[in-house]
Amino acid sequence: MTSKTQTGEGQMAEYVTAVIGGQLFGLPISRVQDVFMPERLTRVPLSSQEIAGVLNLRGRIVTVVDMRARLGLPKNDDGKPPMAVGVDLRGESYGLLIDHIGEVLRLPDDGREENPVNLDPRMAKLAGGVHRLDGHLMVVLDVDRVLELATAAKAA
């Protein structure tokens, strides 16, 4: 699921970091197709509030999932345009709407922990573990769990 490399210290995993509602998240780099600024988003009638809309990205129709809505957070009102991380699930293209993108981190696999019992339940249902970094917690997003809603909505 993640891009892993062997080093002297053991297995390493790479994550693209993103901030949503002030919380740091990591997406396995192997799942990230691209990062883009969503333009001309078309709302889908009768879709859940978690589906921000669809757009055409280089000839592909991309369903955009509002990660703030998916996490039960209020809309961002800082005036900055959102960004999106492009991911793929079973041949379908999706964009995860985030507040802003961070850097790529290489972290040791053995530093990844199970979800803490006190992790917000909205985050816990989308998380595949956490990494404790200097002074903060990076929640590892399980892309398959994040997109469960989108695939269920398409099937309905």
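Remember, predicted model here, so these are calculated numbers, not experimental data.

Here's the deal with the overall build of the protein chain
Alright, step 1. Within the protein chain, the regular secondary structure consists of 4 helices and 12 strands.
Alright, step 2. For the protein chain, the proportion of contacts with a sequence separation of at least 24, taken over those separated by at least 6, is 55%.
Alright, step 3. On the protein chain, roughly 8500 Å² of surface is accessible, and the fraction owed to carbon and sulfur atoms is 52%.

Considering the sheet that holds strand β6 (residues 60–66)
Alright, step 1. The strand order across the open sheet built from 5 strands is β4-β7-β8-β6-β5, with neighbouring strands paired in mixed fashion. At either end of the open sheet lies a strand with only one pairing partner, and these are β4 (32–36) and β5 (51–57). With direction set aside, neighbouring strand axes in the sheet form an average angle of 30 degrees.

With respect to the environment of Pro82
Alright, step 1. Here Pro82 lies in the loop between α1 (67–70) and β7 (83–89).
Alright, step 2. For Pro82, a relative accessible area of 38% puts it in the partly exposed group.
Alright, step 3. Residues Pro82 and Ile20, 62 residues apart in the sequence, show an inter-C-alpha distance of 9.9 Å.
Alright, step 4. Once you skip the residues sitting within four places of it in the chain, Pro82 turns out to touch Met37, Pro38, Leu97, Ile98 and Asp99.

With respect to the confidence of the model for the protein chain
Alright, step 1. Averaged over all residues, the pLDDT of the protein chain is 88; the fraction at 70 or higher stands at 89%.
Alright, step 2. Between the elements of the protein chain, mean pLDDT differs from a low of 51, seen in strand β1 (residues 3–7), to a high of 96, seen in strand β3 (residues 23–28).

Side note on the layout of surface pockets
Alright, step 1. If you add up the space inside the largest pocket, you get close to 250 Å³.
Alright, step 2. Along the walls of the largest pocket sit 14 residues, with Asp66, Arg68, Lys75, Asn76 and Leu97 positioned nearest its centre.
Alright, step 3. Those elements giving two or more residues to the lining of the largest pocket turn out to be α1 and β8 (92–98).
Alright, step 4. Looking at side-chain class alone, the lining of the largest pocket contains 7 nonpolar, 2 polar and 5 charged residues.

Observations regarding the nonpolar core
Alright, step 1. With 27 residues, the main nonpolar core has Leu27, Met67, Val87, Leu96 and Leu147 as its most contacted residues.
Alright, step 2. Per-element accounting of this core gives the leading share, 4 residues, to β7.

As for the pairing of strand β11 (residues 127–133)
Alright, step 1. Where strand β10 (residues 112–113) meets β11, 2 bridges bridge the pair, whose relative direction is antiparallel. Within the sheet, the bridge partner assigned to Glu113 lies in β11 and is Val130.
Alright, step 2. Sheet topology note: the β11/strand β12 (residues 136–141) ladder contains 5 bridges and is antiparallel. Across the sheet, Arg132 pairs through a bridge with Leu137, a residue of β12.
Alright, step 3. The turn joining β11 and β12, which pair antiparallel and follow one another in sequence, is formed by 2 residues; a positive phi near 80 degrees is taken by Gly135.

Some words on the environment of Arg60
Alright, step 1. Take Arg60: it is sitting in strand β6.
Alright, step 2. A C-alpha to C-alpha distance of 9.8 Å links Arg60 and Tyr94, two positions 34 residues apart in sequence.
Alright, step 3. Among residues more than four places away in sequence, those in contact with Arg60 are Asp34, Leu55 and Ser93.
Alright, step 4. At 3.3 Å, the side chain of Arg60 and the side chain of Ser93 are in polar contact.

So, empty space enclosed by the protein
Alright, step 1. Throughout the structure, instances matching the rule amount to 1 cavity of 30 Å³ or more.
Alright, step 2. As a volume, the largest cavity reaches approximately 30 Å³.
Alright, step 3. Every residue lining the largest cavity is listed: Gln33, Asp34, Phe36, Leu57, Arg60, Val62, Gly86, Val87, Ser93 and Tyr94.
Alright, step 4. Breaking the lining of the largest cavity down by element, the ones donating at least two residues are β4, β6, β7 and β8.
Alright, step 5. For the lining of the largest cavity, the per-class residue count stands at 5 nonpolar, 3 polar and 2 charged.

Procedures and definitions
- Residues numbered from 1 in each chain as written.
- Predicted model: local features only at pLDDT ≥ 70, side-chain atom pairs only at ≥ 80, totals over all residues.
- Heavy atoms only, no water.
- Helix = DSSP H or I, 4+ residues; strand = E, 2+ residues; numbered from the N terminus.
- Contact = heavy atoms within 4.5 Å.
- Areas by Shrake-Rupley, 256 points an atom, 1.4 Å probe, with all protein chains shown as cover.
- Pairing = 2+ DSSP bridges.
- Axes fitted to C-alpha atoms, helices over the stretch in contact; angles between N-to-C directions.
- Buried < 20%, exposed > 50% of the residue type's maximum accessible area, 1.4 Å probe, protein only.
- pLDDT = per-residue confidence, 0-100.
- 1 Å grid on protein atoms, 1.4 Å probe; cavity = no way out; pocket = protein on both sides within 12 Å on 5 of 7 lines; lining within 4 Å.
- Points joined across faces, edges and corners; volume = space filled by probe spheres on them.
- Nonpolar A, V, L, I, M, F, W, Y, C, P; charged D, E, K, R; others polar.
- Core = buried A, V, L, I, M, F, W, Y, C linked by side-chain atoms within 4.5 Å.
- Polar contact = N/O pair within 3.5 Å; in protein donor to acceptor, adjacent residues only side chain to side chain.

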